[in-house]
Amino acid sequence: MRRFLIAVMVVGGIATCGLQAGQAQEAREPLYHESLRPQFHFTARYWDEYQLHPPNHHEGWINDLNGLVYNDSVYHLFAQRWWSAWLHAESTDLIHWTELRPAFGKGGKFGGTQSGGGVVDWNNCSGLGDGTEPPMIAFWTSTDNENQCISYSLDKGQTWTKYDQNPVLVHKYRDPKVFWYEPDRKWIMILYGPSDDIRRVAAYGFNGESNDAHDIRSFTEGQWTCSAVRVLDDGKVVVTDPQGSSEGRIDANRQNIAAEVLCVGAKADLSEFLKGDVAEILIYDRTLSDDETRQTLTALQSKWGLSGSNEGRDIPTHGLVLHLDASSATADAQGQVALWKDLSGNGHDVTQSVLDRRPGRVANELEGRDVVRFEGGQFLQGPPVLAEGDDTFTIVALWRRTHDTGSQVICEQNAKTLQMGRRACLLTVCREEADNVYLLFSSTNLLNWTKLDSQIPNSFECPDMFELPVDDDAARRKWVVVDGNGDYVIGRFDGQWFTAETPKGQGDYGRNFYATMTFENMPKSDPRRIQLAWMRGWDDYPKNMPFNQQVSFPCRLTLRELPQGIVLCRYPIREITAIHDDAFELKDRVLRPGENPLAHWAGELFDIDVKIDIAQSACSEVVLNLRGNVVKYDVTGKVLHSVGSEAPLEPRLGCIEIRVLVDRLSIETYGNRGEVSITNIANQDPARPGLGLHAVGGQAKIASLTVHKLKSIWR
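Residues numbered from 1 in each chain as written. Predicted model: local features only at pLDDT ≥ 70, side-chain atom pairs only at ≥ 80, totals over all residues. Heavy atoms only, no water.

Asks: Which residues make up unusual backbone geometry, and what values do they have?
Replies: With an omega dihedral of 0°, the bond running from Asn 166 to Pro 167 counts as a cis peptide bond. By secondary structure assignment, the location of Pro 167 is in the loop between β10 (161–162) and β11 (169–170). Here the residue pair Lys 172 and Tyr 173 is connected by a cis peptide bond, since its omega of -5° sits within 30 degrees of zero. Mapped onto the fold, Tyr 173 is located in the loop between β11 and β12 (174–181). Despite not being glycine, Asp 471 has its phi angle at roughly 55°, a positive value. Summarising the element assignment, Asp 471 is placed in the loop between β31 (464–470) and β32 (473–482). The class of Asp 471 is partly exposed, set by a relative accessible area of 42%. In this model, Leu 653 sits at a positive phi of 55°, which is unusual for a non-glycine residue. Within the secondary structure, Leu 653 sits in the loop between β45 (645–648) and β46 (655–663). (Helix = DSSP H or I, 4+ residues; strand = E, 2+ residues; numbered from the N terminus. Buried < 20%, exposed > 50% of the residue type's maximum accessible area, 1.4 Å probe, protein only.)

Next up, the structure:
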């Protein structure tokens, strides 16, 4: 028998295991049946790359739902692997899923494939069909957030081709969702994009590499700015200029300055460069007081002729570790700066040996004084001036940024490779900014799109739009627009304009509900609107499992007229009965404090439905204990609580109905048949395997209780 060895590499904190010659595959739990993998919620599998707690872009990761579509008795689920690929799974019952190799991914002219929707072009209006099968068409955004592209399949989604004449639309930003509008016999695209009201924003602040306080103070492009950025040991960031001060905050525990390199005019990794001028830079290894800050700014303003008074004031010298004054910059014969001497006495000179990387020294630019000019691509570099791990310091600078977009650095101390919390940087940001809206476009062939005049305000990412009857009345239909976080507005749509008729409603009250989508092309025999959502959690998923993130359980969406108005309701699809197992029922039971009718139940996967007759109850709370997690109804406050989240819930006809789906890593709770829903990641406590149903503060009348154990969807 051959002996094998396991090769384990740690890359960026991620353990990956590779099979090399003479090595065996490391011990793994069976795919889909790992000890913590959800058993009736969809999660992504690994194929060729096995790693624990995979990050975005890697196999086993899943995020935004994409392109949900029904075609010839098969439901197709697509989802993001963070623009690296569209994941793809198929089902015939919306419960049991078979994951296929990714449909398409990054590469080619337009890079990665971001989120979008999918349709079946049953009349081949696109002309992409071959005469045998209607094309399936997926709409996606390239990573430049501007080109809207398509991929298509001629074999019911088994293989995919990126359209060779992409893009089909050039328009900011992303996430195109397409649907058929029958009255005008045309296709409609709803796209997250900027409103037509564009404004330019220029701001500056502190950059700590994913621990930032960027946009603290505004500045005027092309004008000199005298500013001080102070970082305090509690994470407070104070930015001060002669007009006043503003504050921001970073995570002090993550702040840990790297002492590898100091750059002026660029980031340490040379990914961004300054276009503008610098007259003076002061860095202190301590936080200046308010008085010292005002004194320093006044001194610089006076020295450079930017204040009304010519009276100079001394700058503080205690803690001064770098002092660059343009007068100390040494220029070569071409007027380019090769050396900028440090006047602090610490020898922290910054230099540049490469000719075309040298900034210029411009004479008599500011009140007869020289300044150092950076025109993008030039920088000076020297040794670090702050000690490794410093978390309190002050950066003072007199600078001017010329008109340009994006972020630019005045000066920065950092590691040579980006590391979280390791940067100490005075950063400027200029951008064009617009309100987040949804835009509408129309097409007759799915390839050429015309922008409509309608904009749907206060909307962000991952749009969905569809029509539903109110209370199942086909003669009374409304249009629903769903936002990236699941919130929604209800209104009218005439093929040109969407008119909202309600304020935005909350689609889900949980912490982990985002990037929703509903299935298109449902059959006429089953016109339900079925929704899935990404249960995003970032750090909430187990670190010892080869998957990351999950998809919510499929829910049917309906519109119901309630006392507060028309409400979009979410409720688990009826197909869940396919995985129902052992059951327990009781009716018309008075539950007294201390009693627990579920004491004999244990397991991991449950579908629980309890109806409480509030009118005949004297309790203050009814509590479900679910393997260490709590779902309860506050009778007095009329609030449904689930795993730390809450939703208002009024009794209907004197009763409250609570439906709870319990999986290994989630609890989804529905009140009054989906009038409210709460979607949360929830870890089970193996030391508390049982279930509990309790009345608190008095007896509760249980009108009905049904508990089903659930079977795994993974065969």
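Asks: Explain the state of the cysteines to me, using residue names and the numbers behind them.
Replies: Two cysteines form a disulfide when their sulfur atoms are joined by a covalent bond. Counted according to the given criterion, the structure contains 0 disulfides. Between Cys 263, a cysteine without a disulfide, and Cys 411, which holds the nearest cysteine sulfur, the sulfur-to-sulfur distance is 10.0 Å. Judged by relative accessible area, Cys 263 falls into the buried class, the value being 0%. For Cys 425, which is in no disulfide, the shortest distance to another cysteine sulfur is to Cys 411 and amounts to 7.0 Å. (Disulfide = S-S within 2.5 Å.)

Asks: Let's hear about the sheet that holds strand β48 (residues 676–681): which residues, and what values?
Replies: Pairing in this open sheet of 6 strands is antiparallel, and the strands run β40-β50-β41-β46-β47-β48 from one edge to the other. Two strands bound the open sheet, and with one partner strand each, they are β40 (580–591) and β48. The average angle at which neighbouring strand axes cross in this sheet is 10°, direction not considered. Relative to strand β50 (residues 700–710), strand β41 (residues 606–613) is paired through 8 bridges, and the arrangement is antiparallel. (Pairing = 2+ DSSP bridges. Axes fitted to C-alpha atoms, helices over the stretch in contact; angles between N-to-C directions.)

Asks: Would you mind going over the nonpolar core in detail, with residue names and values included?
Replies: The biggest cluster of nonpolar side chains holds 56 residues, and the ones touching the most others in it are Val 237, Val 264, Ile 281, Ile 283 and Trp 340. Here Ile 283 is in contact with Leu 262, Gly 319, Leu 320, Val 321, Leu 322, Val 385, Leu 386, Thr 394, Ile 395 and Cys 411, once residues within four sequence places are set aside. Judged by nonpolar contacts, the second largest core, of 39 residues, contains Ile 62, Ile 530, Phe 553 and Ile 713. (Core = buried A, V, L, I, M, F, W, Y, C linked by side-chain atoms within 4.5 Å. Contact = heavy atoms within 4.5 Å.)

Asks: Any details on the sheet that holds strand β4 (residues 74–80)? Residues and values, ideally.
Replies: In space, the 4 strands of this open sheet follow the order β3-β4-β5-β6, with antiparallel pairing throughout. In this open sheet, the two strands that pair with only one neighbour each are β3 (65–71) and β6 (98–105). Shown here is a sheet whose adjacent strand axes are inclined to one another by a mean of 20°, direction ignored. Two strands pair when backbone bridges link them, and β4 and strand β5 (residues 85–91) are joined in this way by 6 bridges, in the antiparallel orientation. Note on β5: the bridge partner recorded for Ala 79 is Leu 87.

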